[in-house]
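# Notes for the structure review
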Amino acid sequence: MAIPKKSESNHQPLVHAGDAARGLLARWGFDPNNVAILPDRHPQYRECARHGRYPISMVDERDAIRYMSPVCPVCAAEQASRRLMESAAIPKRYIDCGFDNYVVDIPGQQTALDVCRDYADHFEEHARKGSCLILCGNPGTGKNHLASAIAHVVLAKGHSVLQVTAYDIIARIRQTWQRGIGNSTELEVIRGFAEVGLLIIDEVGKTFGSDGERVHLFEVIDHRYRDLKPTLILSNESIGGVEKYLGPAAFDRLCQNGGLLLFDWQSHRRGRECKSDTAACLRGEL
């Protein structure tokens, strides 16, 4: 009896490993017929228009060629950083703000820069103590710029960061009261804000300042205080205004082992002339 032949239509031709490798090299921009793919011709490089030459191959300790992603590593790091900043909800206006591009015209601005840079550089130490930082004073004086710079460094250290406004917190908590909108409970929302590595609360003092709002913000601040989680407060109010808005209990928790900076110079949005050259910086027990 003759053995039936397999249908040729179902037979897939085998691809030689060498052919597959040459196809992969071609997609990566290499000429597989070029002697440049030999080990003694490595590492090979590509040119980034912004950052210059970068390697796309290497030879390991066993003389084996290792190919790397043909993407500029600096560009890739910048994109990753931008994605992290977006996940941290840092406003687009401040995503590119860092310590190096913060303009210093007066001693007060230098004090603010030094304190914020130190807070970011030694964040692990501040996190162990639950040390908070309050930036308050005139609008347009660089508070969000420095907060964004802190966020960049803290994210690079592998910690989570979230920036929200005081209104965001209040609205998110109150949203749990409405039927059919989300499944989270009020406590779950508060814990969500409490668990992030660094919470930046902006626009403190911009809502009505009712007792109910004060209770919501206190619950978030108190949860973080008890868990030794650092909180960064941004406000256009005076020191007394921040305490009045948050309430003595919440303000007291922020002050323990924390720092406060008063931005009392003129807004840069109205010009570079500054009328004040002082800044208050209270360190340690406030």
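Keep in mind that what you see is a predicted model, and the values were worked out from it rather than measured.

### Quick word on the overall build of the chain
Helix and strand counts for the chain stand at 10 helices and 10 strands. Evaluated residue by residue, the chain yields a buried proportion of 37% over its 286 residues. Looking at the chain as shown, the accessible area adds up to about 16800 Å², and 52% of this sits on carbon and sulfur atoms.

### Section: the nonpolar core
Within soluble globular proteins, side chains that are nonpolar generally end up buried alongside one another. With 30 residues, the main nonpolar core has Ile150, Leu198, Ile200 and Leu232 as its most contacted residues. Of all elements in the fold, only α3 (107-121), β5 (133-137), α5 (143-156), β7 (198-202), β8 (231-235) and β9 (259-263) reach the threshold of two or more residues within this core. Apart from the residues lying within four places of it in its own chain, the contact partners of Ile150 are Phe99, Cys116, Tyr119, Ala120, Leu133, Leu198 and Leu232. Counting 27 residues, the second largest nonpolar core, distinct from the first, contains Val164, Ile173, Ile221 and Tyr245.

### Considerations on the environment of Cys48
Mapped onto the fold, Cys48 is located in strand β1 (residues 45-48). In sequence terms Cys48 and Val74 are 26 residues apart; their C-alpha atoms lie 9.3 Å from each other. If we ignore the near neighbours within four places in the chain, the residues touching Cys48 are Tyr54, Cys72 and Cys75.

### Describing the pairing of β7
Counting buried positions over the five residues of β7 gives five, a clear majority of the element. With burial as the criterion, each face of β7 is covered, one bearing Leu198, Ile200 and Asp202 and the other bearing Leu199 and Ile201. Pairing between strand β6 (residues 161-165) and β7: five bridges, direction parallel. Each bridged residue has a counterpart across the sheet, and for Leu162 the counterpart in β7 is Leu199. Taken together, the three bridges between β7 and β8 define a ladder with parallel strand orientation. By the bridge assignment, Leu199 is partnered in β8 with Thr231. Chirality of the crossover, the property in question, places the unit of β7, helix α8 (residues 211-226) and β8 among those that are right-handed.

### Concerning the packing of aromatic side chains
The full count for this structure, using the stated rule, is two aromatic pairs. Between the aromatic rings of Tyr119 and Phe123, the centroid separation amounts to 6.2 Å while the plane-to-plane angle is 70 degrees, which identifies the pairing as edge-to-face. In terms of burial, Tyr119 and Phe123 fall into one category: buried. Centroid distance Phe263 to Trp265: 5.1 Å. Interplanar angle 50 degrees. Geometry classified as tilted. Each member of the pair, Phe263 as well as Trp265, carries the same accessibility label: buried. The ring of Phe263 carries Lys143 above its face, with NZ or CZ at 5.8 Å from the centroid.

### A few points about α5
A rise of 1.5 Å per residue sets the reference length of α5, with its 14 residues, at 20 Å; its end C-alpha atoms lie 20 Å apart and thus fit the reference within 8%. Counting buried positions along α5 yields 11 of 14 residues, so the element is predominantly enclosed. Once α5 finishes, Gly158 follows within two positions and takes phi at roughly 95 degrees, a positive value.

### Looking at unusual backbone geometry
At Glu203, a position not held by glycine, the phi torsion is positive, near 60 degrees. One can find Glu203 in the loop between β7 and α8. Of note in this structure, Asn257 is not a glycine but carries a positive phi near 60 degrees. Turning to its location among the elements, Asn257 is positioned in the loop between α10 (248-255) and β9.

### What about α8?
In a regular helix each residue adds 1.5 Å, so 16 residues correspond to 22 Å; α8 covers 22 Å between its end C-alpha atoms and thus fits that length. In this structure, the buried residues of α8 make contact with α6 (166-175), α7 (186-195), β7, β8, α9 (239-246) and α10. After α8 finishes, the residue Leu228 shows a positive phi value of roughly 55 degrees.

### Overview of the packing of α3 against α5
Between α3 and α5, the least distance of the axes is 9 Å, while the angle of their chain directions is 25 degrees. It follows that α3 is roughly parallel to α5 by the angle criterion. Two packed elements cross with a definite hand, and for α3 against α5 that hand is right-handed. Mapping the contact onto sequence places Ala112, Leu113, Cys116, Tyr119, Ala120 and Asp121 in α3 and Leu146, Ile150 and Val153 in α5. Among the residues forming the contact of α3 with α5, the class breakdown is eight nonpolar, no polar and one charged.

### Points about the pairing of β9
Looking along a regular strand, one sees the side chains alternate between the two faces of the sheet. By the criterion of burial, β9 is predominantly enclosed, with four of the five residues buried. As defined by bridge partners, β5 adjoins β9 across five bridges and the pair is classed as parallel. Counterpart to Leu133 in the pairing with β9 is Gly259.

Rules used in this analysis
Residues numbered from 1 in each chain as written. Predicted model: local features only at pLDDT ≥ 70, side-chain atom pairs only at ≥ 80, totals over all residues. Heavy atoms only, no water. Helix = DSSP H or I, 4+ residues; strand = E, 2+ residues; numbered from the N terminus. Buried < 20%, exposed > 50% of the residue type's maximum accessible area, 1.4 Å probe, protein only. Areas by Shrake-Rupley, 256 points an atom, 1.4 Å probe, with all protein chains shown as cover. Core = buried A, V, L, I, M, F, W, Y, C linked by side-chain atoms within 4.5 Å. Contact = heavy atoms within 4.5 Å. Pairing = 2+ DSSP bridges. Right-handed = clockwise from strand over helix to strand, strands pointing away. Phe/Tyr/Trp six-rings, centres within 6.5 Å; stacked < 30°, edge-to-face > 60°. Lys NZ or Arg CZ within 6 Å of the ring centre and 35° of its normal. Expected span 1.5 Å × (residues − 1). Axes fitted to C-alpha atoms, helices over the stretch in contact; angles between N-to-C directions. Parallel < 35°, antiparallel > 145°, perpendicular 65-115°, else oblique. Left-handed = near helix turned anticlockwise from the far one by under 90°. Nonpolar A, V, L, I, M, F, W, Y, C, P; charged D, E, K, R; others polar.

Keep in mind these values describe shape, not function.
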